Amino acid sequence: MLINLDHVYAGYNDSLVLEDVNLTVNDHDFIGVIGPNGGGKTTLIKVIAGLLNPIKGKVLLSSDLDGGKRVGYLPQINHFDRQFPVTVLEVVLSGALNRRQWFGGFKDEVKDKAINLMEKTGISSVSKLPIGSLSGGQAQRAFLCRALMTDPLVLLLDEPTNFVDREFEKNLYQLLSELNESMAIVMVSHDLGIISSHVKTIACVNKTLHYHDGPEISSEQLAVYNCPIDLLAHGPVPHRVLKVHK
(Lines give C-alpha, C1' and ligand atoms only; values in the text may rest on other atoms or scores of the structure.)
Protein backbone atom coordinates (compact mmCIF):
# COMPACT_ATOMS: atom_id res chain seq x y z
CA MET A 1 0.00 0.00 0.00
CA LEU A 2 1.31 3.45 -0.99
CA ILE A 3 -1.72 5.63 -0.23
CA ASN A 4 -4.95 4.78 1.54
CA LEU A 5 -8.04 7.02 1.76
CA ASP A 6 -10.14 5.87 4.70
CA HIS A 7 -13.75 7.17 4.81
CA VAL A 8 -12.68 10.59 3.50
CA TYR A 9 -15.01 13.59 3.34
CA ALA A 10 -13.63 16.69 1.59
CA GLY A 11 -14.78 20.00 0.15
CA TYR A 12 -14.36 23.74 0.15
CA ASN A 13 -15.81 26.12 2.76
CA ASP A 14 -19.37 24.91 3.35
CA SER A 15 -19.55 22.81 0.17
CA LEU A 16 -19.04 19.04 0.57
CA VAL A 17 -17.58 17.58 -2.65
CA LEU A 18 -16.48 14.09 -1.62
CA GLU A 19 -18.38 11.88 0.80
CA ASP A 20 -17.22 8.65 2.47
CA VAL A 21 -14.51 7.91 -0.10
CA ASN A 22 -12.33 4.82 0.29
CA LEU A 23 -9.45 4.14 -2.09
CA THR A 24 -6.12 2.32 -1.90
CA VAL A 25 -3.26 3.02 -4.30
CA ASN A 26 -0.79 0.13 -4.46
CA ASP A 27 2.57 -0.35 -6.16
CA HIS A 28 2.29 -0.23 -9.96
CA ASP A 29 -1.43 0.57 -9.96
CA PHE A 30 -2.72 2.47 -12.99
CA ILE A 31 -6.08 3.86 -11.94
CA GLY A 32 -8.29 5.81 -14.34
CA VAL A 33 -10.62 8.27 -12.61
CA ILE A 34 -13.84 9.17 -14.44
CA GLY A 35 -17.04 10.96 -13.52
CA PRO A 36 -19.27 13.93 -14.37
CA ASN A 37 -18.10 17.53 -14.23
CA GLY A 38 -18.30 18.76 -10.66
CA GLY A 39 -18.35 15.19 -9.35
CA GLY A 40 -15.13 15.60 -7.37
CA LYS A 41 -12.39 14.13 -9.58
CA THR A 42 -9.98 17.05 -9.16
CA THR A 43 -10.80 17.28 -5.46
CA LEU A 44 -9.90 13.60 -5.10
CA ILE A 45 -6.53 14.18 -6.77
CA LYS A 46 -5.82 17.16 -4.50
CA VAL A 47 -6.63 15.09 -1.42
CA ILE A 48 -4.29 12.31 -2.58
CA ALA A 49 -1.58 14.88 -3.35
CA GLY A 50 -1.88 16.38 0.13
CA LEU A 51 -2.98 19.76 -1.20
CA LEU A 52 -6.41 19.54 0.44
CA ASN A 53 -6.97 18.21 3.95
CA PRO A 54 -10.02 16.03 4.53
CA ILE A 55 -12.87 17.42 6.58
CA LYS A 56 -13.27 13.95 7.99
CA GLY A 57 -11.46 10.64 7.54
CA LYS A 58 -7.79 9.80 7.07
CA VAL A 59 -5.20 9.78 4.29
CA LEU A 60 -2.44 7.31 5.13
CA LEU A 61 0.90 7.38 3.30
CA SER A 62 3.54 4.70 3.08
CA SER A 63 6.87 5.68 4.64
CA ASP A 64 8.40 5.11 1.18
CA LEU A 65 6.67 8.27 -0.03
CA ASP A 66 8.82 10.37 2.33
CA GLY A 67 5.96 12.47 3.64
CA GLY A 68 4.56 13.03 0.15
CA LYS A 69 7.84 14.20 -1.43
CA ARG A 70 7.72 11.25 -3.82
CA VAL A 71 4.26 12.05 -5.14
CA GLY A 72 4.36 13.75 -8.56
CA TYR A 73 1.41 15.95 -9.55
CA LEU A 74 0.36 17.44 -12.87
CA PRO A 75 -2.66 19.75 -12.36
CA GLN A 76 -5.45 20.03 -14.91
CA ILE A 77 -4.58 23.60 -15.85
CA ASN A 78 -1.27 25.24 -15.05
CA HIS A 79 -1.73 28.94 -14.35
CA PHE A 80 1.62 30.66 -14.42
CA ASP A 81 3.03 34.12 -15.05
CA ARG A 82 4.12 34.07 -18.69
CA GLN A 83 6.21 37.19 -18.06
CA PHE A 84 8.28 35.52 -15.35
CA PRO A 85 11.88 35.26 -16.62
CA VAL A 86 12.48 31.54 -16.27
CA THR A 87 13.50 29.03 -18.93
CA VAL A 88 11.88 25.68 -19.67
CA LEU A 89 14.92 23.86 -18.26
CA GLU A 90 14.68 25.87 -15.04
CA VAL A 91 10.99 24.98 -14.70
CA VAL A 92 11.79 21.28 -15.09
CA LEU A 93 14.67 21.52 -12.60
CA SER A 94 12.37 23.18 -10.07
CA GLY A 95 10.89 19.71 -9.55
CA ALA A 96 14.17 18.70 -7.92
CA LEU A 97 14.78 21.65 -5.61
CA ASN A 98 15.28 19.29 -2.69
CA ARG A 99 18.32 17.92 -4.53
CA ARG A 100 19.90 21.30 -5.16
CA GLN A 101 23.34 21.88 -3.67
CA TRP A 102 23.93 24.74 -1.29
CA PHE A 103 26.48 26.15 -3.74
CA GLY A 104 26.76 25.67 -7.46
CA GLY A 105 23.21 24.73 -8.35
CA PHE A 106 22.31 21.20 -9.43
CA LYS A 107 24.64 18.26 -9.93
CA ASP A 108 25.25 17.09 -13.48
CA GLU A 109 23.21 13.91 -12.90
CA VAL A 110 20.14 16.00 -12.01
CA LYS A 111 20.59 18.18 -15.09
CA ASP A 112 21.04 15.07 -17.23
CA LYS A 113 17.78 13.66 -15.88
CA ALA A 114 15.96 16.89 -16.80
CA ILE A 115 17.43 16.83 -20.31
CA ASN A 116 16.47 13.17 -20.81
CA LEU A 117 12.90 13.85 -19.72
CA MET A 118 12.61 16.79 -22.12
CA GLU A 119 13.92 14.60 -24.94
CA LYS A 120 11.33 11.93 -24.13
CA THR A 121 8.52 14.48 -24.22
CA GLY A 122 9.78 16.29 -27.31
CA ILE A 123 10.65 19.68 -25.82
CA SER A 124 14.45 19.51 -25.65
CA SER A 125 14.67 21.95 -28.58
CA VAL A 126 12.93 24.67 -26.54
CA SER A 127 14.73 24.04 -23.24
CA LYS A 128 16.47 27.44 -23.27
CA LEU A 129 13.37 29.43 -24.23
CA PRO A 130 11.28 31.34 -21.67
CA ILE A 131 8.42 29.18 -20.40
CA GLY A 132 6.02 31.97 -21.33
CA SER A 133 6.85 31.61 -25.02
CA LEU A 134 5.62 28.01 -25.21
CA SER A 135 2.30 26.81 -26.52
CA GLY A 136 -0.17 25.28 -24.07
CA GLY A 137 0.81 21.76 -25.12
CA GLN A 138 4.53 22.43 -24.78
CA ALA A 139 4.04 23.99 -21.36
CA GLN A 140 2.01 20.94 -20.29
CA ARG A 141 4.93 18.72 -21.26
CA ALA A 142 7.35 20.90 -19.29
CA PHE A 143 5.20 20.61 -16.16
CA LEU A 144 4.94 16.85 -16.66
CA CYS A 145 8.75 16.69 -16.73
CA ARG A 146 8.85 18.76 -13.54
CA ALA A 147 6.49 16.28 -11.84
CA LEU A 148 8.75 13.39 -12.88
CA MET A 149 11.89 15.04 -11.48
CA THR A 150 10.87 13.93 -7.98
CA ASP A 151 11.35 10.26 -8.97
CA PRO A 152 7.78 9.69 -7.80
CA LEU A 153 6.39 6.41 -6.58
CA VAL A 154 2.92 7.81 -7.30
CA LEU A 155 2.17 10.07 -10.28
CA LEU A 156 -1.10 12.03 -10.23
CA LEU A 157 -2.40 13.34 -13.56
CA ASP A 158 -5.48 15.55 -13.89
CA GLU A 159 -6.55 15.57 -17.55
CA PRO A 160 -2.95 15.33 -18.83
CA THR A 161 -3.94 15.52 -22.50
CA ASN A 162 -5.41 19.00 -22.17
CA PHE A 163 -3.74 21.33 -24.69
CA VAL A 164 -1.48 18.64 -26.18
CA ASP A 165 -1.55 17.68 -29.84
CA ARG A 166 -2.76 14.28 -31.02
CA GLU A 167 0.73 13.08 -31.89
CA PHE A 168 2.07 13.71 -28.41
CA GLU A 169 -1.11 12.29 -26.85
CA LYS A 170 -0.26 8.96 -28.50
CA ASN A 171 3.33 9.18 -27.27
CA LEU A 172 2.15 10.18 -23.80
CA TYR A 173 0.28 6.94 -23.23
CA GLN A 174 3.32 4.98 -24.36
CA LEU A 175 5.43 6.97 -21.90
CA LEU A 176 2.92 6.36 -19.09
CA SER A 177 2.98 2.64 -19.83
CA GLU A 178 6.75 2.65 -19.40
CA LEU A 179 6.56 4.78 -16.24
CA ASN A 180 4.00 2.42 -14.75
CA GLU A 181 6.71 -0.21 -14.49
CA SER A 182 8.36 1.84 -11.73
CA MET A 183 5.48 3.86 -10.24
CA ALA A 184 1.75 3.89 -9.59
CA ILE A 185 -0.33 6.27 -11.71
CA VAL A 186 -3.69 7.84 -10.95
CA MET A 187 -5.11 9.65 -13.99
CA VAL A 188 -8.28 11.70 -14.40
CA SER A 189 -9.81 11.65 -17.89
CA HIS A 190 -13.17 12.22 -19.57
CA ASP A 191 -12.30 9.85 -22.39
CA LEU A 192 -13.37 6.39 -21.23
CA GLY A 193 -12.54 4.83 -24.59
CA ILE A 194 -8.91 5.93 -24.41
CA ILE A 195 -8.18 5.27 -20.76
CA SER A 196 -9.82 1.85 -20.76
CA SER A 197 -7.13 0.83 -23.26
CA HIS A 198 -4.33 1.86 -20.92
CA VAL A 199 -5.39 1.78 -17.27
CA LYS A 200 -5.63 -1.34 -15.09
CA THR A 201 -8.57 -0.29 -12.91
CA ILE A 202 -11.22 2.45 -12.89
CA ALA A 203 -12.66 4.65 -10.15
CA CYS A 204 -16.01 6.34 -10.81
CA VAL A 205 -16.28 9.56 -8.81
CA ASN A 206 -19.55 11.41 -8.31
CA LYS A 207 -19.37 12.69 -4.73
CA THR A 208 -18.88 9.09 -3.62
CA LEU A 209 -16.43 6.67 -5.23
CA HIS A 210 -17.06 3.29 -6.81
CA TYR A 211 -13.96 1.25 -7.60
CA HIS A 212 -13.90 -1.27 -10.47
CA ASP A 213 -11.02 -3.76 -10.33
CA GLY A 214 -10.63 -3.86 -14.10
CA PRO A 215 -10.33 -1.46 -17.06
CA GLU A 216 -13.73 -2.30 -18.52
CA ILE A 217 -17.10 -1.39 -17.04
CA SER A 218 -20.50 -1.84 -18.59
CA SER A 219 -22.92 0.92 -19.60
CA GLU A 220 -25.30 -0.48 -16.97
CA GLN A 221 -22.73 0.06 -14.24
CA LEU A 222 -22.06 3.59 -15.45
CA ALA A 223 -25.77 4.38 -15.65
CA VAL A 224 -26.38 3.19 -12.09
CA TYR A 225 -23.58 5.39 -10.82
CA ASN A 226 -24.49 8.32 -13.10
CA CYS A 227 -21.07 8.43 -14.76
CA PRO A 228 -20.90 10.03 -18.22
CA ILE A 229 -20.31 7.81 -21.21
CA ASP A 230 -18.02 9.46 -23.73
CA LEU A 231 -17.40 7.56 -26.96
CA LEU A 232 -15.13 8.57 -29.82
CA ALA A 233 -15.93 7.40 -33.34
CA HIS A 234 -13.20 7.53 -35.98
CA GLY A 235 -14.03 7.71 -39.65
CA PRO A 236 -14.40 10.17 -42.54
CA VAL A 237 -16.02 12.56 -40.06
CA PRO A 238 -14.59 11.99 -36.56
CA HIS A 239 -17.24 12.63 -33.95
CA ARG A 240 -18.07 12.12 -30.32
CA VAL A 241 -21.22 10.47 -29.00
CA LEU A 242 -22.51 11.36 -25.56
CA LYS A 243 -25.22 9.39 -23.84
CA VAL A 244 -28.10 11.39 -22.35
CA HIS A 245 -27.25 12.22 -18.75
CA LYS A 246 -29.68 13.27 -16.05
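Up top is the structure these notes are about.
This one's a predicted model, so the numbers in the text were calculated from it and none came from an experiment.

Q: How should I be thinking about the nonpolar core in this particular structure?
A: In a soluble, globular protein the nonpolar side chains are often hidden away together inside. Counting 44 residues, the largest nonpolar core has Met149, Leu155, Leu157, Leu176, Leu179, Ile185 and Met187 as its most contacted members. The element contributing the most residues to this core is helix α4 (residues 136-148), with seven residues. Sequence-distant contacts of Leu179, defined by excluding residues within four places in its chain, comprise Leu148, Leu155 and Ile185. Among the nonpolar cores identified, the runner-up in size contains 29 residues, and Ile31, Val33, Ile48 and Leu65 belong to it.

Q: Looking at this model, I keep getting lost on the pattern of salt bridges. Mind explaining?
A: Where charged atoms from two side chains of opposite charge approach closely, those side chains can pair. With the rule as written, the count across this model stands at two salt bridges. Across the pair Lys207 and Glu19 runs a salt bridge whose closest N-O atoms are separated by 3.7 Å. Placement of the pair is Lys207 in the loop between β8 (201-206) and β9 (208-212) and Glu19 in strand β2 (residues 15-25), with a sequence separation of 188 residues. Its relative accessible area of 35% is what places Lys207 among the partly exposed residues. For Glu19, a relative accessible area of 29% gives the class partly exposed. As a salt-bridge pair, Asp151 and Lys113 come within 2.8 Å of each other at their nearest N and O atoms. One end of the pair, Asp151, is in the loop between α4 and β6 (154-158); the other, Lys113, is in helix α3 (residues 108-120), with 38 residues separating them in the sequence. Classification of Asp151 by relative accessible area gives partly exposed; the value is 31%. Given a relative accessible area of 22%, Lys113 falls into the partly exposed group.

Q: Could you clarify how one ought to interpret unusual backbone geometry in this entry?
A: Phi is mostly negative for residues that are not glycine, and the peptide bonds are mostly trans. For Asp66, which is not glycine, the phi torsion reads 55 degrees and is therefore positive. Within the secondary structure, Asp66 is located in the loop between β4 (56-61) and β5 (71-74). Asp66 gets classed as partly exposed once you look at its relative accessible area, which sits at 44%.

Q: What should I look at first to understand α3 in this one?
A: Think of an α-helix as turning once every 3.6 residues; residues three or four places apart then point the same way. For α3, spanning 13 residues, the distance from its first C-alpha to its last is 18 Å, which sits close to the expected 18 Å at 1.5 Å a residue. Among all positions in α3, only Val110, Ala114, Leu117 and Met118 are buried. Down the axis of α3, the sector holding all buried residues measures 100 degrees, keeping them to one side. Of the exposed residues in α3, those oriented more than 90 degrees away from the buried face are Asp108, Glu109 and Lys120. Buried residues along α3 sit against α2 (88-93) and α4.

Cut-offs and rules
- Note that residues are indexed from 1 along each chain, following the sequence as it is written.
- Local features in this predicted model are restricted to residues whose pLDDT is 70 or higher, and side-chain atom pairs enter the listing and the counts only when it is 80 or higher, whereas totals over whole chains, interfaces and linings include all residues.
- Remark: hydrogens and water are excluded; side-chain values derive from all non-hydrogen atoms of the structure.
- To define a nonpolar core, start from buried Ala, Val, Leu, Ile, Met, Phe, Trp, Tyr and Cys residues and group those joined through side-chain atoms within 4.5 Å.
- For every residue, the accessible area obtained with a 1.4 Å probe (protein chains only) is divided by the maximum for its type, and the residue is called buried under 20%, exposed over 50%, and partly exposed between those limits.
- Runs of E in the DSSP output that reach at least two residues are strands. Runs of H or I that reach at least four are helices, and both are numbered from the N terminus.
- Contact definition: two residues touch when any of their heavy atoms are within 4.5 Å.
- Salt bridge, as used here: a side-chain nitrogen of Lys or Arg that lies within 4 Å of a carboxyl oxygen of Asp or Glu.
- Working rule for helices: expected span equals 1.5 Å times residues minus one.
- By construction, the arc corresponds to the directions joining the helix axis to the C-beta atoms.

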